[in-house]
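Residues per chain are reported as follows:
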Amino acid sequence: MGIYLDSAATSYPKPDCVLKAMRHYFEDIGANSGRSAHKLAQEASRLVFETREGIAKLIGVKDSSRIIFTSNATEGLNLAILGSLKEGDRVITTSMEHNSVMRPLRFLEEESGIKVDVIKCSKEGVLEPDDIKKKITQNTRLIIATAASNVVGTIMPIRDIGRIARKHNIPFLVDAAQTAGSLPIDVEKSQIDMIVFSGHKGLLGPQGTGCLYIKEGVELTPLKFGGTGSRSEFEIQPDFLPDKYESGTPNLIGIAGLGASVKFILEKGVENIRRKEEKLTEYLLQKLKEIKKVIIYGTQDSRKQTSVVSINIKNMESSDVGDILDRDYDIGVRCGLHCAPIAHKTIGTFPSGTVRISSGYFNTEADIDYLSRAIREIAQ
Ligand SMILES: Cc1ncc(COP(=O)(O)O)c(C=O)c1O
């Protein structure tokens, strides 16, 4: 791949330390965690514990046992949503959500008669927090918001939503798939009850990893039941965390890689990563604004968005632009609906979609120069 600009799907490349940690696990450890008592098993358990501690530090959580490892953000969202709602409940969410939120909700709407109240965001993907207040009813049992749109990058007012949710005593679930590792977050300060993210996007870890944080006092029905290595004398699921929600052999090689990537991020500092990414996004927006026939969606303001930028070229299908970028320029972007049809309906690009350019930690201004030259040529 010449130039990779698809970090919103998954980050690439990964830091060297991630590859090293994964190799170290397979070559020198290899054992299961939390089961056997031999040295290698203890080493594996230590690795899982350290990764959990790193994640907890990253999001401002004191008790790392409340971090649940999942296989991706989708699994975490399913656990939080399916595990907390029941018949007759209402849930409030936004019109910028990914299908990893919308599909479990629509499923529950169909199967269990829950009611979904969707707050319409502006064409730029901006949410007005007061609109949430207006939708709260006696039966509202959950508020869900993405921390930033995966289509246009718009950053959501998470603190304001958290304040409203806490005031009304409603659990608040945040989908931070697009911001973990790229935008600082503190779950206490933002009054978040549950937060979900992938390990393989901004956290720069391997695929097959993700996390769900569950605040003390929030009880969920597990998605999976089975072996945990703990309380093996009982046929019922343990009721303590993380075991309650982590059945089966964990993705140890993935967790090894994630531990290294989180360490890398903590060393660099999320604020510094954000500054770097914001600067590159500003540069990209500026370059794109200079090209006639290019339509840019979203806020077009790097301070209000992540490094996700969606565009179209007038009179061209997004998929054709993506194909040309790939074939003729060796640039990887993502086109279409990005698993978020409701977000495209909000910004007015449904069903044709957009060309999504998402830079990452390792992209440079030279990459953006090359991409903008390519877009200019295609537009001409
Ligand atoms: C906002 C958002 N939520 C959830 C997901 C799902 O993440 P994963 O593929 O890790 O399950 C994505 C992935 O693109 C996303 O962008």
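The model shown is predicted, which means the values in this text are computed figures rather than measured ones.

Caption draft 1: Spotlight on the pattern of salt bridges. Counted according to the given criterion, the structure contains 22 salt bridges. Note that lysine 133 is salt-bridged to aspartate 130, the shortest N-O span being 3.1 Å. Highlighted residues: lysine 133 and aspartate 130, both in helix α5 (residues 129-135), separated by three residues, approximately one helical turn. Judged by relative accessible area, lysine 133 falls into the partly exposed class, the value being 42%. You can call aspartate 130 partly exposed: its relative accessible area is 38%. A network of salt bridges, in which partner residues are shared, links Glu43, Arg46 and Glu50.

Caption draft 2: Expanded view of empty space enclosed by the protein. In total, this model carries three cavities of 30 Å³ or more according to the counting rule given. Approximately 180 Å³ is the volume found for the largest cavity. Here the residues of the lining of the largest cavity are counted per class, giving six nonpolar, 11 polar and two charged. Counting contributing residues, the lining of the largest cavity receives three or more from each of domain 1 (3-12 + 270-379) and domain 2 (16-268).

Caption draft 3: Representation of the packing of helix α3 (residues 73-82) against helix α4 (residues 99-112) in the model. Running from N to C, α3 and α4 cross one another at 35°; their axes reach a closest spacing of 9 Å. Once α3 is placed against α4, the crossing between them reads as right-handed. Contacts between α3 and α4 involve Thr74, Leu77, Asn78, Ile81 and Leu82 from the former and Ser100, Val101, Pro104, Leu105, Phe107 and Leu108 from the latter.

Caption draft 4: View of the packing of helix α9 (residues 318-329) against helix α11 (residues 365-379). Where α9 contacts α11, the axes come no closer than 11 Å and their chain directions differ by 120°. Relative to α11, the element α9 is oriented oblique. Pair α9 / α11 crosses with right-handed handedness. Counted together, Val321, Ile324, Leu325 and Tyr329 of α9 and Tyr370, Leu371, Ala374, Ile375, Glu377 and Ile378 of α11 form the full contact between these two elements. The class makeup of the residues in the contact of α9 with α11 is nine nonpolar, no polar and one charged.

Caption draft 5: Spotlight on the environment of leucine 371. One can find leucine 371 in helix α11. For leucine 371, a relative accessible area of 0% translates into the label buried. Residues within four places of leucine 371 in sequence aside, it is in contact with Leu5, Leu284, Leu325, Ile331 and Ile357.

Caption draft 6: Spotlight on the packing of aromatic side chains. Summed over all chains, the structure comprises six aromatic pairs. Seen from their ring centres, phenylalanine 264 and tyrosine 361 are 5.9 Å apart, and the 90° between their planes marks the pair as edge-to-face. In this pair, phenylalanine 264 is assigned in helix α7 (residues 252-268) and tyrosine 361 in the loop between β13 (354-358) and α11, connecting sequence segments 97 residues apart. Judged on exposure class, the residue phenylalanine 264 and its partner tyrosine 361 are both buried. Tyrosine 361 gets classed as buried once you look at its relative accessible area, which sits at 14%. Joined through ring pairs, the aromatic side chains of Phe264, Tyr361 and Phe362 make up one cluster. When the ring centre of tyrosine 361 is taken as origin, the NZ or CZ atom of lysine 276, which lies over that ring, is 4.2 Å away. Its guanidinium or amino end placed over the ring of phenylalanine 350, lysine 345 lies 4.6 Å from that ring's centre, counting from NZ or CZ.

Caption draft 7: Main features of unusual backbone geometry. Following tyrosine 12, the chain continues to proline 13 via a peptide bond in cis, the omega torsion being 0°. Positionally, proline 13 belongs in the loop between β1 (3-4) and α1 (16-29). The linkage connecting phenylalanine 350 with the following residue, proline 351, adopts the cis geometry, with an omega of 5°. In this fold, proline 351 is placed in the loop between α10 (341-347) and β13. Even without being a glycine, aspartate 330 presents a positive backbone phi close to 60°. Along the chain, the position of aspartate 330 falls in the loop between α9 and β11 (331-332). By relative accessible area, aspartate 330 is classed as partly exposed at 38%.

Caption draft 8: How the structure looks around the nonpolar core. With 56 residues, the main nonpolar core has Ile59, Ile143, Phe172, Ile195 and Phe197 as its most contacted residues. A domain split of this core shows at least three residues from each of domain 1 (3-12 + 270-379) and domain 2 (16-268). Setting aside chain neighbours within four positions, we find isoleucine 143 in contact with Ile92, Ile132, Ile136, Ile161, Ala165, Ile170, Pro171, Phe172 and Leu173.

Caption draft 9: Representation of the pairing of strand β6 (residues 172-175) within the structure. Side chains of β6 alternate between two faces, with Phe172 and Val174 and Leu173 and Asp175 buried alike. As paired strands, strand β5 (residues 140-146) and β6 are joined by four bridges and run parallel to one another. Counted as the bridge partner of isoleucine 144 is leucine 173 from β6. With helix α6 (residues 158-167) bridging β5 and its parallel neighbour β6, the resulting β-α-β unit is right-handed. Note: β6 against strand β7 (residues 194-198), three bridges, orientation parallel. Bridge pairing in β7 places aspartate 175 opposite valine 196.

The rules behind the values
- Residues numbered from 1 in each chain as written.
- Predicted model: local features only at pLDDT ≥ 70, side-chain atom pairs only at ≥ 80, totals over all residues.
- Heavy atoms only, no water.
- Salt bridge = Lys/Arg side-chain N within 4 Å of Asp/Glu carboxyl O.
- Helix = DSSP H or I, 4+ residues; strand = E, 2+ residues; numbered from the N terminus.
- Buried < 20%, exposed > 50% of the residue type's maximum accessible area, 1.4 Å probe, protein only.
- 1 Å grid on protein atoms, 1.4 Å probe; cavity = no way out; pocket = protein on both sides within 12 Å on 5 of 7 lines; lining within 4 Å.
- Points joined across faces, edges and corners; volume = space filled by probe spheres on them.
- Nonpolar A, V, L, I, M, F, W, Y, C, P; charged D, E, K, R; others polar.
- Domains from an automatic or database assignment.
- Axes fitted to C-alpha atoms, helices over the stretch in contact; angles between N-to-C directions.
- Left-handed = near helix turned anticlockwise from the far one by under 90°.
- Contact = heavy atoms within 4.5 Å.
- Parallel < 35°, antiparallel > 145°, perpendicular 65-115°, else oblique.
- Phe/Tyr/Trp six-rings, centres within 6.5 Å; stacked < 30°, edge-to-face > 60°.
- Lys NZ or Arg CZ within 6 Å of the ring centre and 35° of its normal.
- Core = buried A, V, L, I, M, F, W, Y, C linked by side-chain atoms within 4.5 Å.
- Pairing = 2+ DSSP bridges.
- Right-handed = clockwise from strand over helix to strand, strands pointing away.

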